[in-house]
Amino acid sequence: MAVKRLTKRTVEGLRASQSDSFLWDEGLAGFGVKATPTGRRVYIVQYRLPGVGRRFPARRFTLGEHGVLTVEEARKYARRVLNAVAEGRDPASERAEANRAPTVAAIAPLFLADVKAKRKATTYYEYARHFTTTGKRQDIKLRGELITHFGRLRVRDVTSAHIGAFHDRFRDRPYAGNRLLALLSAFFGWCERRGYRPANSNPCHGTERFKERKRERYLTLDELKRLGSALAKARRDGSTPAAVDALRFLSLSGFRESEALTLRWSAIDFDREAVTLEESKTGRSMRPLGSAALAVLREIDREEGSDFVFPGQAPGSHLVEIRKVWNRVRTDACLTDVRLHDLRHSVASIAASGGASLPLIGALLGHRDVKSTQRYAHLTDDARKLVADKTAREISDALAGRVTSVVPLRMPR
């Protein structure tokens, strides 16, 4: 057994012929370098566990390749390994166990299966499109940012540094970045509960969310007129009629995009002029529908064999992609700053300007929490101010003799 103090010169001078050659450090027992016939030189540590006799073979732990590690870096690493052995640990077994630890890509399907079994369909839809990149998924528009970025990492190895670096990429899209951070946090929390990570080790904890500006964009009556013309033009063109019908319905109903695209005929009660959504963002929800929205639904030809109002290309699936059509429509209407979700805000705005109360607006939009509807409070305030101003002006005109008759106010009995 060749023993010599390992230096850069002695390591690079080691050669192997037809089999591996070894050189052991004379200053640190168990620390050595292996030269292979291909010319690689790899630093190693050889050790026996405390209390194990020589009848059992020694364990060997690879430190790293010469050139990646210097001699001194390898020696320090070797001391740490040997200290761990002195404490009764087995570094080689620990590394082997770590290498067998599952990756994010391996665990993601188990996580999604659990979400599908226990959560709402819309929740599963959101998780699946970000944690899935392959396979035929006619019901989900895949994005796969999370599985693409984290898939190869072992679940136990993901750190707050990994999460922070990923989150920082969305500085110009704070809302999207914060939503993805929430999905990751849910995933790693689930991994903790299933034993894939130690307890209280969620790497998302401590990552500061971006500040979000609550954007309020409401279409004016003139803008709605332009939108209507653009939708009519798109419908005349005949391309993707289901997408155009879905956009018309969204403009009139205040539904969320996912609620509209997954709408089933069996959920619609034309006599009661309402829709019952068994699964929405807020759970089971009953929504009133105006006559114009119902008229859009009555114009749609039902596809045989499908219960979806807006069917997709695959048999029995629902429509998934409407953004391309929406971008074309809003460009034709000169509304390039209007998001698809702004149609929902506009329905609330029109309702508020017509004097609807916050509870009524909440019922129209399917809000369960009053706080969700509170964002429209200033709109109802504006409507009340307009009514108060108009009423006071009419009374003022009457007092000044500028009108011939005044309809008296009748007190309720």
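Okay, so let's go over this structure. Everything numeric in this text was worked out from a predicted model, so none of it was measured. (Residues numbered from 1 in each chain as written. Predicted model: local features only at pLDDT ≥ 70, side-chain atom pairs only at ≥ 80, totals over all residues. Heavy atoms only, no water.)

### Comments concerning the sheet that holds strand E5 (residues 268-269)
Link 1 in the chain: The strand order across the open sheet built from three strands is E5-E6-E7, with neighbouring strands paired in antiparallel fashion. Either end of the sheet is taken by a strand with one partner, and the two such strands are E5 and strand E7 (285-288).
Link 2 in the chain: The sheet contact formed by E5 and strand E6 (residues 274-277) spans two bridges and is antiparallel. Paired with Ile 268 across the strands is Val 275, a residue of E6. (Pairing = 2+ DSSP bridges. Helix = DSSP H or I, 4+ residues; strand = E, 2+ residues; numbered from the N terminus.)

### A look at the packing of aromatic side chains
Link 1 in the chain: A complete count under the given rule lists 14 aromatic pairs for this structure.
Link 2 in the chain: Taking 6.0 Å as the distance between ring centres and 5 degrees as the angle between the ring planes, the aromatic pair formed by Phe 22 and Trp 24 counts as stacked.
Link 3 in the chain: Classification of Phe 22 by relative accessible area gives partly exposed; the value is 26%.
Link 4 in the chain: You can call Trp 24 buried: its relative accessible area is 9%.
Link 5 in the chain: Taken together, the aromatic side chains of Phe 111, Tyr 127, Phe 131, Phe 187, Phe 188, Trp 190 and Tyr 196 make up a single cluster linked through ring pairs. (Phe/Tyr/Trp six-rings, centres within 6.5 Å; stacked < 30°, edge-to-face > 60°. Buried < 20%, exposed > 50% of the residue type's maximum accessible area, 1.4 Å probe, protein only.)

### Here's the deal with the sheet that holds strand E4 (residues 59-65)
Link 1 in the chain: Here four strands make up an open sheet; going across it, the order is E1-E2-E3-E4 and the pairing antiparallel. At either end of the open sheet lies a strand with only one pairing partner, and these are strand E1 (21-24) and E4. Strand-to-strand twist of the sheet, defined as the mean angle between neighbouring strand axes without regard to direction, takes the value 30 degrees.
Link 2 in the chain: Alignment of E1 against strand E2 (residues 31-35), held across four bridges, turns out to be antiparallel. Residue pairing in the sheet places Phe 22 in a bridge with Lys 34 of E2.
Link 3 in the chain: This element, helix H2 (residues 71-86), spans E2, strand E3 (41-47) and E4 of the sheet and lies at about 20 degrees to E3.
Link 4 in the chain: Helix H3 (residues 91-100) rests against E3 and E4 of the sheet, and its axis sits at about 65 degrees to E4. (Axes fitted to C-alpha atoms, helices over the stretch in contact; angles between N-to-C directions. Contact = heavy atoms within 4.5 Å.)

### Description of helix H12 (residues 291-299)
Residue pairs three or four apart in sequence face the same way in an α-helix, which turns once every 3.6 residues.
Link 1 in the chain: Buried within H12 we find Ala 293, Leu 294, Val 296 and Leu 297. Buried residues of H12, viewed axially, fall in a sector of 150 degrees; they line one side. What points out from H12, more than 90 degrees from its buried face, is the exposed set Ser 291 and Arg 298.
Link 2 in the chain: The inward-facing, buried residues of H12 abut helix H10 (241-253) and E5. (Arc of directions from axis to C-beta.)

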